[in-house]
Amino acid sequence: MQEKEKILEMEVCECGQKNVAQAIDIFQNTALPFKKAKKLVTECNKSCCRGVLIKLYDMNQYGRFDYDEIAYLIKQRHERLKRLSEGSSDEDE
């Protein structure tokens, strides 16, 4: 397991420039439904980080956070974005 502190410092979404700890804090301090609470974290309407945020929102609802799963989802998202950007640069050639 990665250190909890390192996971809490991971950026959850580039749009809102918020880390995992900030996202958890926002979800814990609002009674808004997911779609509106997500907007407080991302500050946009994009769905780029929806997967990890919906997991965080659900974990908050249940009162237990699985930090390994959060780190895994963030890494998967970064790998997917990397593959997409590599694919678009291959098309340019």
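Residues numbered from 1 in each chain as written. Predicted model: local features only at pLDDT ≥ 70, side-chain atom pairs only at ≥ 80, totals over all residues. Heavy atoms only, no water.

We now examine the nonpolar core. Ranked by internal contacts, the top residues of the largest apolar core, which has 24 residues, are Val-12, Val-20, Leu-53, Leu-56 and Ile-70. Among the elements of the structure, helix 1 (4-9), strand 1 (11-13), helix 2 (20-28), helix 3 (34-42), helix 4 (50-62) and helix 5 (67-92) are those that each provide at least two residues to this core. If sequence neighbours within four positions are ignored, Val-20 has contacts with Ile-7, Leu-8, Met-10, Val-12, Leu-56, Ile-70 and Ile-74. (Core = buried A, V, L, I, M, F, W, Y, C linked by side-chain atoms within 4.5 Å. Buried < 20%, exposed > 50% of the residue type's maximum accessible area, 1.4 Å probe, protein only. Helix = DSSP H or I, 4+ residues; strand = E, 2+ residues; numbered from the N terminus. Contact = heavy atoms within 4.5 Å.)

The next thing to look at is helix 3. All of the buried residues along helix 3 are Phe-34, Ala-37, Lys-38, Val-41 and Thr-42. All buried residues of helix 3 project into a common sector of 130° when viewed along the axis, lining one side. For helix 3, the elements touching its buried residues are strand 1, strand 2 (18-19), helix 2 and helix 4. The first or second residue beyond helix 3 is Glu-43, which carries a positive phi of 60°. (Arc of directions from axis to C-beta.)

The values are spatial; any link to function lies outside them.
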